[in-house]
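Coordinate analysis (summary)
Spelled out from the first residue to the last, the chains are:
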Amino acid sequence: MNSAGPADVPAGKGLDLIPFRGLRYDPDRVGSLSAVTSPPYDVVVRPDGLHHLESADPHNIVRLILPQALPPTVRNEQAADTLHRWLAEGVLTTDSEPGLYIYEQRDADGMLQRGIIGALRLSEPSDGVVLPHEDVMPHIVADRAALMRATSANLEPLLLTYRGNGVASGTTTVIERAAQQPPLLSTTTEDGFSHRLWAVTDPADVTGIQQDLARRQALIADGHHRWATYLRLRAEHPSPSPWDFGLVLLVDTARYPLRVRAIHRLLHRLPVADALAALGDSFRVRHVEGPLSPALKALSIAAAEGNAFLLAGDGAFHLVDRPASDLLARTIPADRPEAWRTLDATVLHATLLDHVWRIPDVPEHIAYIHDTAATVAKAERDGGTAVLMHPVREEVVRALASQGVTMPRKSTSFGPKPASGLVLRALGH
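The rules we used
- Residues numbered from 1 in each chain as written.
- Predicted model: local features only at pLDDT ≥ 70, side-chain atom pairs only at ≥ 80, totals over all residues.
- Heavy atoms only, no water.
- Axes fitted to C-alpha atoms, helices over the stretch in contact; angles between N-to-C directions.
- Helix = DSSP H or I, 4+ residues; strand = E, 2+ residues; numbered from the N terminus.
- Parallel < 35°, antiparallel > 145°, perpendicular 65-115°, else oblique.
- Contact = heavy atoms within 4.5 Å.
- Nonpolar A, V, L, I, M, F, W, Y, C, P; charged D, E, K, R; others polar.
- Buried < 20%, exposed > 50% of the residue type's maximum accessible area, 1.4 Å probe, protein only.
- Polar contact = N/O pair within 3.5 Å; in protein donor to acceptor, adjacent residues only side chain to side chain.
- Salt bridge = Lys/Arg side-chain N within 4 Å of Asp/Glu carboxyl O.
- pLDDT = per-residue confidence, 0-100.

Once that is clear, we can look at the packing of helix α6 (residues 171-178) against helix α7 (residues 203-213). α7 packs onto α6 with a crossing angle of 140 degrees between their chain directions and a minimal axis gap of 8 Å. Taken together, the axes of α6 and α7 are oblique relative to one another. For the pair formed by α6 and α7, the contact residues are Thr 171, Val 174 and Arg 177 on the first element and Asp 205, Ile 209, Asp 212 and Leu 213 on the second. Split by residue class, the contact of α6 with α7 holds 3 nonpolar, 1 polar and 3 charged.

Laid out in structure tokens, this is it:
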């Protein structure tokens, strides 16, 4: 299945990617490169995963992207102090010349992702160059903005996709030629993914990449909140400035398709019994046999026919589907495209959360978790309800983005996501 990425735009009107001097760990100053990396900040399952990463190495990047000082008001100062100390100690070093960075991920199942990391000129969605497909939560944007202000750094790249022509040309030619050379770094993380990084500093190669990308339009696959943060911080700094650009990984998904997975919801304060009772006759509810894998298969079958959700947290699995048409008509805005109105995430938020369960979309009530088993385990441990989702088809994401229609936040999880900690970008004060 080919992954999403909008169409080309006129030459010179598309992506503007520039080299930068990357900040990278000195492998002689850390236990191992794998021990200092982390998933993106919003994928770390807290607190379990956070504590695991913090204990993996005293210099793990999680100490910058998720500082844990108390009180919370000093967390960002802690991250800034940590970054400055690591620079002073040589734990992080600045590459000698600006470059673009080729990044590769592989897993044992044959997944291969290659893309280019650079500083991308920021643009508004209305410019039609970088298209979002999900809404964002203002408090997360504010949190990320405070951290970036304090550190004056882009600590982890966003994942953006674009569509080439499916063959090795332009950017892909440079990427695949470089991938035959010894990398700057190579490591394998505990999830089984191998990671390699190369620098592109040859002026002809950089120019070739820039000319190719100047005709491309990108879709934000992962990092909507950080992109919104980039835009907020750009507005705070008179142009021209380093804040006019943000750190991204661009992947040609005609050449290297991504995976699209669902992001699940954990309803902290709603027990499963109460969630089911509130449904009444407005949805069909069926008990499905576990364990998790066959229960998800049942969800997949039901989702092929319409809106469907899998509830868990009480030691069982409950398939919820076939919402009443009159309920949908009353609760879902009619002024959006049909593809948006029929999304599972739309029905979940507009119908179930807002109308049936009356749960506000705030962290005290709802957590967004990428890992399916972790969502169920937390619900069972805490007495809440796990709402397991089925992935959205990529063509739906692409079609809505091209119409300027954003999906409910945390509707999709594109991957594999770039590991945090392999290359950072300092902006200066």
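It is worth spelling out the side chain of Thr 189 at this point. Topologically, Thr 189 is positioned in the loop between β9 (185-188) and β10 (194-200). Judged by relative accessible area, which is 11%, Thr 189 ranks as buried. Thr 189 has contacts with Ser 34, Thr 37 and His 195, leaving out every residue within four places of it along the chain.

Inspection of the secondary structure assignment puts Lys 417 in the loop between β20 (413-415) and β21 (425-426). The class of Lys 417 is buried, set by a relative accessible area of 15%. In terms of polar contacts, Lys 417 uses its side chain to reach the backbone carbonyl oxygen of Phe 414, at 2.7 Å. Those residues within four positions of Lys 417 in sequence are excluded, and the remaining contacts are Pro 40, Val 43, Gln 105, Leu 159, Asp 222 and His 370.

The next point concerns the pattern of salt bridges. Per the stated rule, a full pass over the model turns up 23 salt bridges. Between Lys 417 and Asp 222 there is a salt bridge whose closest N-O contact spans 3.0 Å. Of the two residues, Lys 417 is situated in the loop between β20 and β21 and Asp 222 in strand β11 (residues 218-222); the sequence distance between them amounts to 195 residues. Here the two residues Lys 417 and Asp 222 agree in accessibility, since each one is buried. A salt bridge links Arg 286 to Asp 321; its shortest N-O distance comes to 3.1 Å. Taken together, the residues Arg 286 in strand β15 (residues 284-288) and Asp 321 in strand β17 (residues 317-321) connect sequence positions 35 residues apart. A relative accessible area of 34% places Arg 286 in the partly exposed class.

Further remarks concern the confidence of the model for the protein chain. For the protein chain, per-residue confidence averages 91 on the pLDDT scale, and residues scoring 70 or more make up 95% of the total. When the criterion is pLDDT under 50, residues 1-6 qualifies, and its contacts beyond four places in sequence or with other chains add up to 32 contacts.

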